Amino acid sequence: MTAVATDRLIRPHGGFLVERTGDRPQGVERLEQLTLTPRELSDLDMLASGGLSPLEGFMNQEDYERVLDEMRLANGLPWALPVCLAVDTAPGGDRVALADESGRPLAMLEVEEVFSYDKEREAERCFRTIDAEHPGVARLYAQHPLYLSGRVTVFERAEPRYPELAVDPVDTRRAFAERGWKRVVGFQTRNPIHRAHEYLTKGALETVDGLLVHPLIGETKSDDVPAEVRIDCYRVLLDGYYPRDRVVLAAFPAAMRYAGPREAIWHAICRKNYGCSHFIVGRDHAGVGSYYGTYDAQLIFDEFEPHELDIEPMFFEHAFWCTACGQMATPKTCPHADDDHVALSGTKVRELLAAGELPPVEFSRPEVAEVLVQAYRS
Ligand SMILES: [Zn+2]
């Protein structure tokens, strides 16, 4: 393999990619073993890949507290959400094995400290609510009562659900460099891409070199569209409507936290590690229900100094087809009234798809709608 200069790209968060992979340590099978939840496994895999650089493991109390209070690590670097491992009791030894749900050990953790935490306080700080109906808060409340911190070494990566889309930060960086890109915009999504998202990704792409479509494939709520269906949607959309040499499609292995504004910051920092210089933040990014204001996930970026995050957020409003403009537009660019706008609620779209009907082409590309109709049929 020939080396490709990736030094034109944005630097990872904290300056370097921190990839926590390594050889299987001697005697790991004799260590006390902890079984991780799907969310913790996603975090572990992102610690392995460098997606969570500069973290070397699960957070200690000093980092955790400062993240909650100030959205910073103990060293002052911006960081928006805890990356913690919840346990029942303190482990006996100074090393433990971390296993998946089948009991297969994947990593070793060097025990640093065990600390208690206040679930309601974490909920209030991170999710802006202590309501147990919030899916992220519900998961937090169901967790074990202590956090175990320490550096991890991942000696066996979890089997990727979509091997062809499992692309680590070092590989997206190489892919961008090979294409000669310097400025790359990342697009986070956990939904099929309709015309509105196509419009904003293309709007962003007009100003940079390349686009990383980076769907989240970790654990989501059960009523979100399943990842395999979404991936088919992305493929048909990208094949039909995007220039092949301007887009990279890869999976973002994180689990959804539904933390809205703070998760938008966290998503941006992770994408910086993947080599993105820009990041799209739409309306209600990483939100759920009506817990967050429509543009809260954009406003939170003002809590940091300009350029402190380095990655540049690109803010977009809600887009629609306007019959008077004869094109996609937003309230920022179209002066016409709602009557001229083709807008469908999520509920309406689901009704149409469930009835086997395609939404209007102004709302969704027919190829994408067809994938969704087929998914509803089966
Ligand atoms: Zn208009």
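Shown above is the structure to which this text applies.
The notes below deal with the structure included here. Values in this document were obtained by computation on a predicted structure and should not be read as measured data.

### Remarks on the packing of helix α7 (residues 227–241) against helix α11 (residues 366–377)
Axis separation between α7 and α11 bottoms out at 8 Å; the angle between their running directions is 160 degrees. Relative to α11, α7 is oriented roughly antiparallel. In the crossing of α7 with α11, the sense of the turn from one axis to the other is right-handed. Contact with α7, carried on its side by Val229, Asp232, Cys233, Val236, Leu237 and Tyr241, involves Pro366, Glu367, Val368, Val371, Leu372 and Ala375 of α11 and no other residues of that element. Here the contact of α7 with α11 is composed, by residue class, of 10 nonpolar, no polar and two charged.

### A closer look at the coordination of the zinc ion
Protein coordination at the zinc ion: the donors are Cys322 (SG), Cys325 (SG), Cys334 (SG) and His336 (ND1), at 2.1 to 2.3 Å from the metal. Bound by four donor atoms, the zinc ion shows angles of 103 to 116 degrees at the metal and therefore tetrahedral coordination geometry. Mapping the donors of the zinc ion onto the primary sequence gives the spacing C-x2-C-x8-C-x1-H.

### Focus: the sheet that holds strand β8 (residues 210–215)
Pairing is parallel in the open sheet, where five strands are placed in the order β9-β8-β7-β10-β11. Both outer strands of the open sheet, β9 (247–249) and β11 (312–315), are each paired with one neighbouring strand and no more. Ignoring which end each strand starts from, the neighbouring axes of this sheet average 25 degrees apart. Against the sheet, α7 makes contact with β7 (184–189), β8 and β9, and its axis sits at roughly 160 degrees relative to β9, the strand it touches most.

### Details of the pattern of salt bridges
Taken as a whole and judged by the stated rule, the model has 22 salt bridges. Across the pair Glu156 and Arg24 runs a salt bridge, and its minimum N-O distance is 3.4 Å. With Glu156 in the loop between β6 (146–154) and α5 (169–178) and Arg24 in the segment before β1 (33–35), this pair connects stretches of sequence that are 132 residues apart. In this structure Glu156 comes out as partly exposed when scored by relative accessible area, which is 26%.

### Focus on unusual backbone geometry
Peptide bonds are, in most cases, trans, and in most cases residues other than glycine have a negative phi. Residue Pro54 is bonded to the preceding Ser53 through a cis peptide linkage, with omega at 10 degrees. On the secondary structure map, Pro54 appears in the loop between α1 (38–49) and β2 (57–58).

### Quick notes on the side chain of Arg230
Here Arg230 is to be found in helix α7. Of note is the side chain of Arg230, whose polar atom sits 2.9 Å from the backbone oxygen of Leu216. Leaving out residues up to four positions away in the same chain, Arg230 has contacts with Thr189, Arg190, Asn191, Pro192, Pro215, Leu216, Ile217 and Val225.

### Observations regarding the pairing of β7
Buried residues dominate β7, accounting for six of its six residues. Residues of β7 alternate between two faces, with Val184, Gly186 and Gln188 on one and Val185, Phe187 and Thr189 on the opposite face, all of them buried. Two elements, β7 and β8, share six bridges in a ladder whose sense is parallel. Bridge pairing in β8 links Gly186 to Leu212. Following the chain from β7 across helix α6 (residues 195–205) to the adjacent parallel β8, one finds a crossover that is right-handed. Bridge count between β7 and strand β10 (residues 278–281): two bridges; the pairing is parallel. Of the residues in β10, the one forming a bridge with Val185 is His278.

### Notes on empty space enclosed by the protein
Throughout the structure, instances matching the rule amount to one cavity of 30 Å³ or more. Together, 15 residues line the largest cavity, and Arg39, Glu122, Phe127, Gln143 and Arg257 are the ones closest to its centre. Of all elements in the fold, only α3 (119–127) and α4 (135–141) reach the threshold of two or more residues within the lining of the largest cavity. Across the lining of the largest cavity, the residue classes break down as nine nonpolar, two polar and four charged.

### Looking at the layout of surface pockets
Space left empty within the atom packing is revealed by a probe, the size of a water molecule, rolled over the atoms. Taken as a whole, the largest pocket spans an internal volume of roughly 1,500 Å³. What lines the largest pocket is a set of 45 residues, among which Asn191, Pro192, His194, His197 and Gly346 lie closest to the centre. Among the elements of the structure, β7, α6, β12 (320–322), α10 (346–354) and α11 are those that each provide at least two residues to the lining of the largest pocket. Residue composition of the lining of the largest pocket, by class: 23 nonpolar, 12 polar and 10 charged. Looking at the second largest pocket, its volume works out to about 570 Å³. If you go around the second largest pocket, you meet 24 residues; those closest to its centre are Asp45, Ala158, Glu159, Pro160 and Arg161.

How each quantity is defined
Sequence order as written defines the numbering, with residues in each chain counted from 1. Owing to the predicted nature of the model, reporting of local features is limited to residues with pLDDT of at least 70; listing and counting of side-chain atom pairs is limited to 80 or more, with chain, interface and lining totals taken over all residues. Computation of side-chain values covers all heavy atoms of the structure but excludes hydrogens and water. Interaxial angle, 0 to 180 degrees, is taken between N-to-C directions of lines fitted to C-alpha atoms, where a helix line uses only the stretch in contact. In this text, helices come from DSSP runs of H or I with a minimum length of four residues, and strands from runs of E with a minimum of two, each type numbered from the N-terminal end. When an angle is under 35 degrees it counts as roughly parallel; over 145 it counts as roughly antiparallel; between 65 and 115 it counts as roughly perpendicular; any other value is oblique. In a left-handed crossing the near helix is turned counterclockwise from the far helix by less than a right angle, and in a right-handed crossing that turn is clockwise. Two residues qualify as a contact provided that any one of their heavy atoms is within 4.5 Å of a heavy atom in the partner residue. Charged means Asp, Glu, Lys or Arg here, nonpolar means Ala, Val, Leu, Ile, Met, Phe, Trp, Tyr, Cys or Pro, and polar covers whatever is left, Gly included. Nitrogen, oxygen and sulfur within 2.8 Å of a metal are treated as its donors, or within 3.2 Å for sodium, potassium and calcium (Na, K, Ca); water is not counted, so a site can appear incomplete. Tetrahedral means four donors with every angle between 85 and 135 degrees, whereas square planar (four donors) and octahedral (six donors) require angles over 155 degrees between opposite donors and between 65 and 115 for all others; sites fitting neither are termed irregular. The criterion for strand pairing is that DSSP finds at least two bridges linking the strands in question. Within this document, salt bridges are pairs made up of a side-chain nitrogen of Lys or Arg and a carboxyl oxygen of Asp or Glu, the two lying within 4 Å of each other. Exposure categories follow from relative accessible area, calculated using a 1.4 Å probe and restricted to protein chains: below 20% of the type maximum is buried, above 50% is exposed, and the middle band is partly exposed. Polar contact is the term for a pair of N or O atoms within 3.5 Å; when the atoms are in protein, one must be able to donate a hydrogen and the other to accept it, and sequence-neighboring residues count only if both atoms are side-chain atoms. Look down the strands so they point away from you; if the path from the first strand over the helix to the second goes clockwise, the crossover is right-handed. Grid spacing is 1 Å over the protein atoms alone, the probe is 1.4 Å, and a cavity is where that probe fits but cannot get out, while a pocket is an open set with protein on both sides within 12 Å along at least five of seven lines and lining residues have an atom within 4 Å of a point. Grid points are joined across faces, edges and corners, and a volume is the space filled by probe spheres set on the points.

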